[in-house]
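Notes for the structure review
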Amino acid sequence: MTPSLNVGSQHRWLLSLITLTVVLLSLAPSLRLLVEALSDLGQGSESPLWKVLNAASTWRALWHSVYTSGLGMLIALVLGSLFAFVITLTDIRGKAWLVFCFMLPMMIPPQVTALSWLQLFGPASPLLKSIGMAPPLGSPQPLYSAEGIALLLGIQSAPLVFLALRTSLISLPRELIEAARISGARQAQVWGQIILPVTRHGLIAGAAMAFISSLGNFGIPAMLGIPAGYYVLPTLIYQRMASFGTGVLAEMAALSLLIGVLALAGVALQQYWMNRSRFGLGGHSGRSHDFTLGRFRPVVTTVLVGVLLVILVAPLAALVVSSLVPAMGVPLSVDSVTLNAYHEVIGRQGATWRAVRNSLWLAGGAALVLMLCSLPLAYRLQRLPPRLQQLTLSAIELPYALPGVVLAIACILLFVRPLPLINVALYGTLGLIFVAYLARFLVVCLKPVSASLAQLDPSLEEAAQLAGAGPWRRLTTIVLPLIAPSLFAGGLLVFLLAVNELTVSALLWSAGNETLGVLIFNLDEGGESVLASAVSVLVVVMVASLMLSLSLLAPRLPKGVVPWLG
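A few points on the structure. (Residues numbered from 1 in each chain as written. Predicted model: local features only at pLDDT ≥ 70, side-chain atom pairs only at ≥ 80, totals over all residues. Heavy atoms only, no water.)

Quick word on a nonpolar patch on the surface
Taken together, the side chains of L31, L34, L38, L41 and W50 define a hydrophobic patch exposed on the protein surface, amounting to about 450 Å² of accessible area. Mapped onto the fold, L31 is located in helix α1 (residues 10-37). (Patch = residues over 30% accessible without salt bridge, like charges linked within 9 Å, V, L, I, M, F, W, Y side chains within 5 Å. Areas by Shrake-Rupley, 256 points an atom, 1.4 Å probe, with all protein chains shown as cover. Salt bridge = Lys/Arg side-chain N within 4 Å of Asp/Glu carboxyl O. Helix = DSSP H or I, 4+ residues; strand = E, 2+ residues; numbered from the N terminus.)

See the structure below:
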């Protein structure tokens, strides 16, 4: 049993105060957004909400969002299921590297994914020019379309399906499979009558996560949709805010409310279907089921490697080639290869180092603050009654569950005026982006810490308590050293997600306060695709290095903390 905190003690009140403050800060932006969106309803058709609901552009963008997200979800289901079933259930070789490479697209910023695919296709592609396969000049870019957006959304969110389905497959008891085989069931019967029905809740969860993630994605629809005049809800908000500024905040709050309701409806539907398809399983779980591929193993391996070559290697190769040529449309050769783009972005452009500095400061600061908050917060949460614990966790998860553009609008509404009492204005400063990151990524840092705390043997703390150690001493001398790897992993995950973040910062940045994600987006939007490619290559190298660091740390972490090694 977990040692409790004494009623009325200073430690209990302080930890409760930290928890209450965090919950209020998590809920405040959403509540402010709700109030603004529903304001002036008494004006009837002139109220912001009715104006938004009566605009044809709203329903057009809503349909575009549903269409691209739905199609992207289907693509993610195909890709994620293929890799999850083969890697988890068969004896294919090189599983660790296959998983690492398949997870990489999810960790690469969406705008970098979009840029790399744009460099792969189209008449100006340096890679296609180099191998003589470029389409004629004047040919349309095939990715500037709804289907192009859906394809990249599907590739970006396929790892979510993989993770959800893999968790279900690992928990599938081996006895079920063995009993079916002993009874004479054929391979197809085992798959169709046992594996698929038993793991359907994993498929539902993965599909829902892919849909919600695609719905809130900004980078891909912005880089592929805006040039073609194809707007989804997040890009419609961005376009209105870029055109009219804070003068349309009330209408943008109503639009954000629409996206938020869609996302939360998706979460609720996911929970409903998962509850309907959930059932108890007996037997031993936690081990993969090595279906022998036999003579088909080279074929299956070739298929998986081929998919990775198409969705990961080819776009990244196009990105690297584009960063090594003097201009778009120039083929790469011994005579044309140059590092000028890297010299330009690293040595001459002050904006690059400013964006790097801002991103590192924001991501590093957010990771550090959240690491400091997560331990006392998780410690107090573990001692709350189950229902109150669930409610508190739901409040903390809300900013992460909502699409980034919704959180950005909510933060603008909350901080557009100077803070009362201290009269400090956050709007237009890095401080506002920092606050938004704290709210958005708190749950990312908190979950590994909570998981690690739940695995600690309570007898350690009980022994220290009997020896006279108070809560603070137990927390710092017993709990902290034991969960330090999880705390570090949580901070590293926050850093990984925040350093390339675009959706929130696209609406909150101002001149001199750009981040790496905003810099890449602005360079490409301004026609500097070669420079954008060079910055993107550096970002991909950084992301891959951080993922490798987490993989090396994984043996010292609780199972499931590193998502791609779960």
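Quick notes on the packing of aromatic side chains
Scanning the entire structure with this criterion turns up ten aromatic pairs. Taking the ring centre of Y379 as reference, the NZ or CZ of R383 above it sits at 3.7 Å. (Phe/Tyr/Trp six-rings, centres within 6.5 Å; stacked < 30°, edge-to-face > 60°. Lys NZ or Arg CZ within 6 Å of the ring centre and 35° of its normal.)

Some remarks on the side chain of H64
Looking at where H64 falls in the secondary structure, it is placed in helix α3 (residues 56-89). Residue H64 is classed as buried on the basis of its relative accessible area, which comes to 13%. Not counting chain neighbours up to four residues away, the residues in contact with H64 comprise Y230, Y231 and V232. (Buried < 20%, exposed > 50% of the residue type's maximum accessible area, 1.4 Å probe, protein only. Contact = heavy atoms within 4.5 Å.)

Some thoughts on the environment of P481
Mapping P481 onto the fold places it in helix α21 (residues 471-498). The spatial distance from the C-alpha of P481 to the C-alpha of L15 is 19 Å, given a sequence separation of 466 residues.

Observations regarding helix α5 (residues 110-120)
Burial within α5 is extensive, with ten of its eleven residues counted as buried. Considered for burial, the residues of α5 that qualify are Q111, V112, T113, A114, L115, S116, W117, L118, Q119 and L120. Directly after α5, the chain includes G122, whose backbone phi takes a positive value near 100°.

Considering the nonpolar core
If you look at the biggest cluster of nonpolar residues, it comprises 168 residues, and the most contacted ones within it are F162, I195, I237 and M241. In terms of residue count, the dominant contributor to this core is helix α19 (residues 430-455) (14 residues). (Core = buried A, V, L, I, M, F, W, Y, C linked by side-chain atoms within 4.5 Å.)

Section: the pattern of salt bridges
One pass over the structure, following the stated rule, counts three salt bridges. With its nearest N and O atoms 3.0 Å apart, the salt bridge here joins E36 to R32. Of this pair, E36 and R32 both sit in helix α1, four residues apart, which is roughly one turn of the helix. On the basis of relative accessible area, R32 is assigned to the partly exposed category, the value being 22%. Measuring nitrogen to oxygen at the nearest pair gives 3.6 Å for the salt bridge that ties D91 to R297. With D91 in the loop between α3 and α4 (95-107) and R297 in helix α14 (residues 297-323), this pair connects stretches of sequence that are 206 residues apart. By relative accessible area, which is 21% here, R297 ends up partly exposed.

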